[in-house]
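So you can see what is in the structure, the chains are spelled out below.
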Amino acid sequence: MKRGNLCKSEGIKLINGQTIKEVDDEGYKYLGILELDKFKEREMKDIFRTEYLRRFKLVMKSQLNGKNKIKAANTWAVSLMRYGAGTIKWNKEELQEIDRKSRKIMTMKKEPHPRSDVARIYVPRKKGGRGLISCESCMRREENNLSWYVRNSEEALLGKFRDSNVLNISEAVDPKEYKVNEEKESENEWKQKRMHGQYVREKEGIDWDRTWQWIAKGDLKGYTEALICSTQEQALRTNYMRFHIDHTAESPLCRMCRSKGEMLAHVVSECSKLAQTE
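This structure is a prediction, so every number in the text was calculated from the model and none was measured.

**Some thoughts on the overall build of the chain**
When helices and strands are counted, the chain shows 14 helices and four strands. The C-alpha atoms of the chain give 26 Å as radius of gyration, which overshoots the globular expectation for 278 residues (19 Å, by more than 25%). Seen through its principal axes, the chain has C-alpha atoms that stretch 95 × 40 × 35 Å. The buried share of the chain, reckoned over its 278 residues, is 35%. Partitioning the intrachain contacts of the chain with sequence separation of at least 6 by distance along the chain shows that 53% fall at a separation of at least 24. With an accessible surface of roughly 18100 Å², the chain has 51% of that area assigned to carbon and sulfur atoms. Separation between the mean location of the 55 positive side-chain charges and that of the 43 negative ones in the chain comes to 4 Å.

What follows is the structure, encoded as structure tokens:
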């Protein structure tokens, strides 16, 4: 470096005769992060993004059941993004774009229905969701945890770092509280949607632990889980939905009995024609 600019050099000779070679333009890695005169953020973002999507695709191609597939994605793919938290500064749009690509990969494998609720994918399985951790949520949670640790540390060096205002320490909250609030936010976003959350809103007061046991246990294939979830969210395009919402059907009546609106509840338990068959 000379006056803040990179200069070519044949290396630096040490007293013992050894020579420290010049670092090339690609930089060097320290604790897995590319550096030169500063962090190479753009290059590291490309590396993290590419590797994350590669891992996520491999997980979605696997023959694991629904629960284990999501757990593998959280453990093997999402954890990769967590490593750069607090070091690599991702903006909201970049993280949301990665999450969109993740959902697109899942949709291509028929994991969620194309019209299924997005927020439910990130709700914990014990609450009726799919349990995937979004990259945006993972990054913000890790940054909060780091800020909370620095804020409450008694180490002298971290005290100096705390005074530098590199992290937003003033807004840091207890990690457990942050996680609970984040999960509640996703759950409420799902429940408040007029169609997707109707199933949950209309069944207040029931035993939700037993209601969601089928998805919390996770013995089903991801495709089967997605089909059940889309049914509960009224995402399947019955005649009733196509007539009143999509405006692509001539009649909202059931195609079998032709007497009542073709809603999922009618198909499952009310249709007189379907009731006469297996």
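**Focus: the packing of aromatic side chains**
Working definition: an aromatic ring pair is given by the centre-to-centre distance plus the angle between the planes. Summed over the entire model, instances satisfying the criterion amount to four aromatic pairs. With a centroid separation of 6.0 Å and 50° between ring planes, the pair formed by Trp190 and Trp212 is classed as tilted. Pair noted here: Trp190 is in helix α7 (residues 175-191) and Trp212 is in the loop between α9 (208-211) and α10 (213-217), with a separation of 22 residues, a long-range link. What makes Trp190 buried here is its relative accessible area of 1%. Ring centres 5.4 Å apart and planes at 15° place the aromatic pair Trp208 and Trp212 in the stacked group. Among the aromatic residues, those joined into a ring-pair cluster are Trp190, Tyr199, Trp208 and Trp212. Sitting over the face of the ring of Trp90, Lys45 holds its NZ or CZ atom 5.6 Å from the ring centroid.

Rules and cut-offs
- Residues numbered from 1 in each chain as written.
- Predicted model: local features only at pLDDT ≥ 70, side-chain atom pairs only at ≥ 80, totals over all residues.
- Heavy atoms only, no water.
- Helix = DSSP H or I, 4+ residues; strand = E, 2+ residues; numbered from the N terminus.
- Rg over C-alpha atoms; globule rule 2.2 N^0.38 Å.
- Buried < 20%, exposed > 50% of the residue type's maximum accessible area, 1.4 Å probe, protein only.
- Contact = heavy atoms within 4.5 Å.
- Areas by Shrake-Rupley, 256 points an atom, 1.4 Å probe, with all protein chains shown as cover.
- Lys, Arg positive; Asp, Glu negative; His and termini not counted.
- Charge placed at Lys NZ, Arg CZ, Asp CG, Glu CD.
- Phe/Tyr/Trp six-rings, centres within 6.5 Å; stacked < 30°, edge-to-face > 60°.
- Lys NZ or Arg CZ within 6 Å of the ring centre and 35° of its normal.

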